[in-house]
Amino acid sequence: MSAPGSGQDFKPYIPAEADVPEFTLKAILLGSFFGIIFGAATVYLALRAGLTVSASVPIAVLSIAVFKKLGKSTILENNMVQTIGSAGESVAAGVVFTVPALLFLSNGADYFKYSVIFLLAAIGGTLGVLFMIPLRRPLIVKEHGNLPYPEGTACADVLIAGEKGGDLAKMVFAGVGISMLYKFLYGIVGLWNETATWFRTDKTGRIPDATLSCAVTPEYLGLGYIIGPKIAGELASGGVLSWLALIPLISIFVPETRLVQDLKNLGFGDGWRAGHSHAEWIYRAYVRYIGAGAVACAGVMTLVKTMPTIIGAFRESVKSFGAGSDGSKKVRTDDDLGMGIVVVGSIVLALIIAVLPGFPHGPFPGSLVMSLLVVVFGFFFVTVASRIVGIIGTSSNPISGMTIATLMGTCVVFVLIGRTGEVYQSVALCVGALVCIAAANAGATSQDLKTGYLVGATPRRQQIGFIIGVLVSTLVIGGTLFLLDRTYAGGEAHGIGTSALPAPQATLMATIIKGLLAQNLPWAPVLVGVFLAFMAQMAGAHALSWAVGAYLPLSTTLPIWIGGMMKALADKMRHKKEESELSSGMLYATGLVAGGSLGGVLIAVVAFFGDTVLHMDKPTLLEKLDIGQNFYPAIKNGIPGEILGALVFAGLCFLLIKNARKNLEA
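This structure is a prediction, so every number in the text was calculated from the model and none was measured.

**Let's talk about the overall build of the chain**
Reasoning step 1: When helices and strands are tallied, the chain shows 26 helices and two strands.
Reasoning step 2: Within the chain, the proportion of its 666 residues that are buried is 59%.
Reasoning step 3: Contacts in the chain between residues at least 24 apart in sequence constitute 82% of all its contacts with a sequence separation of at least 6.
Reasoning step 4: Counting every atom, the chain has about 25,700 Å² of accessible surface; 67% of that belongs to carbon and sulfur.

Pasting the structure below:
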């Protein structure tokens, strides 16, 4: 008998001795397609809101629906589709959380190229898969019953309930459809504005420079529903503090001459100030650094809180390495890629990092230090991420905290060996990026291996599928990043870093690196943010959620909070406290997020087509298509336009509640 909590006696849905189609061409192609789609959508969502959602469950649902239309499929083929497809979401999240920081580092923009981004994503994602291979048996099999892997278990439930796939998929498709229609009506034909400003004062008001605005977008509404009222409320409370308290307070007491000088010191000249509000001046000069300090502190606190789990996970994983299997012939459901592939593959990728031309690594053989740091930090945090997501799920994986710890450790090593020049800022960032991508992908890989374990998949085939998903999705992640950066620039050099695409995690990573290597960090507002994060934690809030909210524009966090309130209302109407991922509300909200994010990418594609193919300058293609601006600008940009935006968003909320109350079994 195996020990309690062990998975040695577990019988999967498909027996080990069964020969069922799994790694088929149609599964690979459909999984690759979903990897590209959800990878692009994740780039958009992560740049705008700094958050992502797990893609495994919606991909599994969509796979069942698509294959039912095309013909029959097996449960293992559907599992392979979600395995390959979910890699796009996880790799994209790791890329967007770190790589855009190159734009904010000295000489970093020289490396903000498609080739560099592709290599970072491909190498980091593949390392995440390789490092996870020896961890499957100790974490997924031996700890079965102890580590629930919530998203992986939910995805297995979806696959096993495949006969209900039509009903499940209808909810996802309904969310995607209404979301993309909504996005088309305001984003391309311009019937109303994306952001409704409900309250704004100038610098001479009784409460100066206060702003209350809401981006009436479906992806934020769906995201708030998914994360729930508590986390959504913490996000919005941070935004309320920044935009309705700190900015007005600073406006009252800081003279404008001091504000202008501080902005000049940070590189914001007269032209930038002329195109932005006074409140935005204060945000860029002070409040952004307060938010960055809060996020950094909260990330470290999250890491410290999970330290016992981290140490235990690493210890158990290292002990399991020597154990391996019991020497008996491997059965299909226990057949992994060999350790030789793991070792040789890791060494080859580490050497590529050190010698690749045009890559930020410094001169050889000193560049081997970077490779060593990537392997050491990467394996450690892949181990940590794999176990943590087994307990709390992928969405709560403290990737930011792990990346911050990696960057701080890397910068300390660089300082000790004398590598403090500006050129090493990009090198340190790439170490953090590779580790972040590896850890993010390992978290998703763990959930998918759990799904495969429950349904009876072949681990070796899943692991090959992961690598295919990584390589396919990396083809579009860099392109999507560049497309959005160009489209949302709004007259500035880059769209990333503006209010449209704030990229909060990436900006934070750049702030940490510059502070440690270049010693040019404005420490006063950063330390204010640190102590505010302590305050939030002591008050019982999730400090990281609150801190991200303090960093983001209130127009981003307010609609997320409204989505959380819709979740609370739906729960009350159903008389339930919790809602599983396999529910009408969650699936419809996932559709809203996916459709809204894809709609944002499509808007960027339309703008790019007008600029590069039609060579339209002024008016641009989007300006030409803007019905509201061309036919009723006074209404669209005035108070009636704000009311219109609120009304259509209320309609979106109504549809969310209506669909959340539907019974999937009906």
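That covers the picture; the talk isn't over yet.
**Details of unusual backbone geometry**
Negative phi is the rule for most residues except glycine; trans is the rule for most peptide bonds.
Reasoning step 1: At aspartate 209, a residue that is not glycine, the phi angle is positive and equals roughly 60°.
Reasoning step 2: By secondary structure assignment, the location of aspartate 209 is in the loop between strand S1 (195–200) and strand S2 (211–215).
Reasoning step 3: Of the residues examined, aspartate 209 reaches a relative accessible area of 2% and is grouped as buried.

**Observations regarding the pattern of salt bridges**
Reasoning step 1: Within this structure, the stated rule accounts for 16 salt bridges.
Reasoning step 2: The shortest N-O distance in the salt bridge between glutamate 22 and arginine 332 comes to 3.9 Å. Pair noted here: glutamate 22 is in the segment before helix H1 (25–49) and arginine 332 is in the loop between helix H12 (307–323) and helix H13 (339–355), with a separation of 310 residues, a long-range link. Arginine 332 carries the same exposure label as glutamate 22, and that label is buried.
Reasoning step 3: With a shortest N-O distance of 2.6 Å, glutamate 219 and lysine 183 are connected by a salt bridge. On the criterion of sequence distance, the pair formed by glutamate 219 in helix H8 (residues 218–253) and lysine 183 in helix H7 (residues 165–187) is long-range, its members being 36 residues apart.
Reasoning step 4: You can call glutamate 219 buried: its relative accessible area is 0%.
Reasoning step 5: A relative accessible area of 2% places lysine 183 in the buried class.
Reasoning step 6: Among the ionic contacts, a cluster of salt bridges with common partners joins Arg136, Arg137, Asp334 and Asp336.

**Describing the packing of helix H3 (residues 75–96) against helix H6 (residues 150–160)**
Reasoning step 1: With their axes 10 Å apart at the nearest point, H3 and H6 run at an angle of 140° to one another. The angle between the axes of H3 and H6 places the two elements in the oblique class. Here the hand of the crossing between H3 and H6 comes out right-handed. Contact residues: H3 offers Ile75, Asn78, Asn79 and Gln82, while H6 offers Cys155, Leu159 and Ile160.

Rules used throughout
Residues numbered from 1 in each chain as written. Predicted model: local features only at pLDDT ≥ 70, side-chain atom pairs only at ≥ 80, totals over all residues. Heavy atoms only, no water. Helix = DSSP H or I, 4+ residues; strand = E, 2+ residues; numbered from the N terminus. Buried < 20%, exposed > 50% of the residue type's maximum accessible area, 1.4 Å probe, protein only. Contact = heavy atoms within 4.5 Å. Areas by Shrake-Rupley, 256 points an atom, 1.4 Å probe, with all protein chains shown as cover. Salt bridge = Lys/Arg side-chain N within 4 Å of Asp/Glu carboxyl O. Axes fitted to C-alpha atoms, helices over the stretch in contact; angles between N-to-C directions. Parallel < 35°, antiparallel > 145°, perpendicular 65-115°, else oblique. Left-handed = near helix turned anticlockwise from the far one by under 90°.

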